[in-house]
Amino acid sequence: MEKVGIIGGKFILKTKFFRDSKKKKIKTPFGVVEALSYKNSFLICRHGLKGEIPPHRINYKANIFGLKKLKAKYIFGFNSVGSLKMKIKPGDFLIPDDFIDFDPPTFFEEKMKFITPEISEKLRKVLIKIAKKLKLKFWSSGVYFTTKGPRLETKAEVNLIKNFADVVGMTMAKEATLAKELDLEYASFCSVDNFAHGIVKTSLSQEKIFKFQERSAKILEKVIEEVLNEDFD
Ligand code: HPA
């Protein structure tokens, strides 16, 4: 079985993978990453093993490079998003097939090399199969718009981007770009944890988003379990 890398949010710290794994420090040119070694896979909480790293400080390069160093071939991101569309509701899941990032990171700071960004169709199919098996309410495609954070978007920003994307988040696009640069396949399973600011009349706060994130944590644990049971060849 190919080695699989999982990158998720703080919910990872509440899963059995966190409790039952060996903690491993991986040195990379971009800093040290703490990964969880579980069966034939590695899991990273992008907010750190204490959950203290805010979105705009996540060490994306170290996380992706670290998984490459551990010989992972496939990376699955688990990312929290706000919905830009009334039909996509908090509690739903979405497997993006494309993304928008106007400030992408790169490993090739000093080298004339540009990749064509893409989400892995092979891994998306795996996630779609799992979502169907678990009978989740999910969207099998959609465009992810990335913002830098840590603040949420203004209503005017949401009004603009909703014409071009379905969900908004702060993390997935960075991981997808860097993974592609290192020839790793990447796909994401997004949990829709709120309507983006101004999509509905009710107010939006961090606390409300955290509450929804907690609700989806158990389901995400099951999805990861299915991913780790998958035979990729
Ligand atoms: N905006 C940006 N990132 C997010 C959101 C949002 O509404 N919800 C979860 N992550």
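Structure's up top.
In this text the structure is predicted, and so the values were computed from the model without any measurement.

(A) Broad picture of the layout of surface pockets. Its boundaries defined by the atoms lining it, the largest pocket holds a volume of some 890 Å³. Around the largest pocket sit 40 residues that line it, and His47, Ser80, Ile209, Phe210 and Gln213 are the ones nearest its centre. Mapped by element, the contributors of at least two residues to the lining of the largest pocket are β5 (72-83), β10 (167-169), β11 (185-195) and α6 (206-229). Counting residues per element, the lining of the largest pocket draws most heavily on α6, which supplies eight residues. For the lining of the largest pocket, the residue count by class is 18 nonpolar, 14 polar and eight charged.

(B) Broad picture of the packing of aromatic side chains. On inspection of all chains with the given rule, the structure shows 10 aromatic pairs. Taking NZ or CZ as reference, Lys23 lies 4.6 Å from the ring centre of Phe18, over its face. Arg215 extends its terminal NZ or CZ atom over the ring of Phe212, reaching a point 4.2 Å from the ring centre.

(C) Representation of the side chain of Thr177. Turning to its location among the elements, Thr177 is positioned in helix α5 (residues 172-181). Looking at Thr177, the relative accessible area reads 7%, which means it is buried. Beyond its immediate chain neighbours, meaning those up to four positions away, Thr177 contacts Phe99, Pro104, Pro105 and Ile115.

(D) Focus on the pairing of strand β3 (residues 31-38). In this sheet, β3 lies alongside strand β2 (residues 22-28) in antiparallel orientation, the contact comprising seven bridges. Residue Lys24 lies in a different strand from β3, and its bridge partner there is Ala35. Remark: two residues form the turn of the hairpin made by β2 and β3, two consecutive strands paired antiparallel. Taken together, the three bridges between β3 and strand β4 (residues 41-45) define a ladder with antiparallel strand orientation.

(E) Local environment of the environment of Ala196. Tracing the sequence through the fold places Ala196 in the loop between β11 and α6. What makes Ala196 buried here is its relative accessible area of 2%. Setting aside anything within four residues of it in sequence, one finds Ala196 in contact with Gly82, Ser83, Leu84, Val158, Val168 and Leu204.

(F) Geometry of a positive patch on the surface. A cluster of basic side chains, namely Lys22, Lys24, Lys27 and Lys69, defines a positive patch on the protein surface. With respect to the element layout, Lys24 can be found in strand β2.

(G) Structural detail: the packing of helix α2 (residues 60-69) against α5. One way to put it is that α2 packs onto α5 with a least axis distance of 10 Å and a crossing angle of 45 degrees. In terms of axis orientation, α2 runs oblique to α5. Remark: the crossing between α2 and α5 carries right-handed chirality. Packed against α2, whose contacting residues are Tyr60, Lys61 and Ile64, the element α5 presents Lys174, Glu175, Leu178 and Ala179 at the interface. In the contact of α2 with α5, the residues fall into four nonpolar, no polar and three charged.

Rules behind the numbers
Residues numbered from 1 in each chain as written. Predicted model: local features only at pLDDT ≥ 70, side-chain atom pairs only at ≥ 80, totals over all residues. Heavy atoms only, no water. 1 Å grid on protein atoms, 1.4 Å probe; cavity = no way out; pocket = protein on both sides within 12 Å on 5 of 7 lines; lining within 4 Å. Points joined across faces, edges and corners; volume = space filled by probe spheres on them. Helix = DSSP H or I, 4+ residues; strand = E, 2+ residues; numbered from the N terminus. Nonpolar A, V, L, I, M, F, W, Y, C, P; charged D, E, K, R; others polar. Phe/Tyr/Trp six-rings, centres within 6.5 Å; stacked < 30°, edge-to-face > 60°. Lys NZ or Arg CZ within 6 Å of the ring centre and 35° of its normal. Buried < 20%, exposed > 50% of the residue type's maximum accessible area, 1.4 Å probe, protein only. Contact = heavy atoms within 4.5 Å. Pairing = 2+ DSSP bridges. Patch = residues over 30% accessible without salt bridge, like charges linked within 9 Å, V, L, I, M, F, W, Y side chains within 5 Å. Areas by Shrake-Rupley, 256 points an atom, 1.4 Å probe, with all protein chains shown as cover. Salt bridge = Lys/Arg side-chain N within 4 Å of Asp/Glu carboxyl O. Lys, Arg positive; Asp, Glu negative; His and termini not counted. Charge placed at Lys NZ, Arg CZ, Asp CG, Glu CD. Axes fitted to C-alpha atoms, helices over the stretch in contact; angles between N-to-C directions. Parallel < 35°, antiparallel > 145°, perpendicular 65-115°, else oblique. Left-handed = near helix turned anticlockwise from the far one by under 90°.

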